[in-house]
Amino acid sequence: MATCSYTVPDKNVTGDNFYGALICNQTYIDYFWNTYGFAGNKDYWDDGFGWEDACNTDKPLARTFNACYLLTYSAQDYQNDAYSGAMLNWARRYVRDNCDDLRSLCGDGSAIARSFKGAFVDDRIELYLGFWYSKDVPGRAETLIHESRHQGGKPHNANFPAGSVFGAGKSGADSTWGYEGAWMYGALYLWWFYAQGARTTSALRERARQRGNLVIDNAFATHPGFNI
Ligand SMILES: [Zn+2]
């Protein structure tokens, strides 16, 4: 981390002040640490990433915990996370089931996160500086869901469409909404969060809607044909 440099965007806008006031509680910290793949990775999360300073929302660990709180508690009846229910409820279960090795690194600026999975690799999700400092709290939850979907066995299967902000013609898109890939999972979650998110603010729900629409408009080879 000593070699990472970053600036912290306005924490009222990103939701880090709102959620930061909630996560500074040992019960939550222990739950998130043990549930979402941090455990065993202290060597990644210390040394400037926040392990010694878990309530400091300038640092990566607390900013990740903020997303974990949103992911865990944004359904009014969050304890019901059956897969037969709403994604707002079961997204936390999906990440819990698929993200068991979550690491923090500076990265090279080319991605905000990456999923590694396969027969000859150490299955893991890596988070990079852009995850903490270019995304708001709902957007970070989206990324945790996105990368967990990759861990769950769904790679991208198409190139980005003409005009895409993610890079027209580059790989990394999903073919369709119905493919139920990582982009669809992330956008669907943002949609639910916008519509019914609890324990949050109307401003963050609106930001989730905007991000969801950006994904819908730019991350599918065939546009889904609707917006949030
Ligand atoms: Zn992806």
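Scroll up to find the structure.
Residues numbered from 1 in each chain as written. Predicted model: local features only at pLDDT ≥ 70, side-chain atom pairs only at ≥ 80, totals over all residues. Heavy atoms only, no water.

**Things to note about the environment of Asn34**
Counted only if it meets this: Secondary structure elements follow DSSP: runs of H or I of four or more residues count as helices, runs of E of two or more count as strands, with numbering from the N terminus. Exposure classes here rest on a 1.4 Å probe applied to the protein chains alone. A residue is buried below 20% of its type maximum, exposed above 50%, and partly exposed in between. Polar contact is defined as a pair of N or O atoms within 3.5 Å, subject to the rule that within protein one atom must be able to donate a hydrogen and the other to accept it, and that residues adjacent in sequence are counted only when both atoms are side-chain atoms.
Among the secondary structure elements, Asn34 is positioned in helix H3 (residues 26-35). Given a relative accessible area of 56%, Asn34 falls into the exposed group. For the pair Asn34 and Leu144, spaced 110 residues apart in sequence, the C-alpha separation works out to 15 Å. Here Asp30 takes part through its backbone oxygen, which lies 2.9 Å from a polar atom of the side chain of Asn34.

**So, the environment of Gly172**
The line we're drawing: Only heavy atoms matter for contacts: two residues are in contact if any of them lie within 4.5 Å across the pair.
Relative to the helices and strands, Gly172 resides in strand E5 (residues 171-173). Sequence separation between Gly172 and Ala75 is 97 residues; the distance between their C-alpha atoms is 30 Å. Those residues in contact with Gly172, other than ones at most four positions away along the chain, are His156, Ala158, Phe160 and Trp183.

**What about the state of the cysteines?**
How we decide: Cysteine sulfur atoms are paired as a disulfide whenever they come within 2.5 Å of each other.
A complete count under the given rule lists two disulfides for this structure. The side chain of Cys4 participates in a disulfide bridge whose partner is Cys106; the two sulfur atoms lie 1.6 Å from each other. Because the torsion about its S-S bond is -110°, the bridge between Cys4 and Cys106 counts as left-handed. With Cys4 in the segment before helix H1 (11-14) and Cys106 in the loop between strand E1 (102-104) and strand E2 (113-116), the pair connects residues that are 102 residues apart, well separated along the chain. Note on cysteine connectivity: Cys24 is disulfide-linked to Cys55, with sulfurs 1.9 Å apart. Handedness here is read from the sign of the S-S torsion; for Cys24 and Cys55, about 85°, the answer is right-handed. Of this pair, Cys24 sits in the loop between helix H2 (16-23) and H3 while Cys55 sits in the loop between helix H4 (42-45) and helix H5 (60-73), placing them 31 residues apart in sequence. Classification of Cys55 by relative accessible area gives partly exposed; the value is 31%. Regarding the disulfides, the protein carries the connectivity 1-4, 2-3 under sequence-order numbering of its bonded cysteines. Cys99 provides the cysteine sulfur closest to Cys68, a residue in no disulfide bond, and the two sulfurs are 8.0 Å apart.

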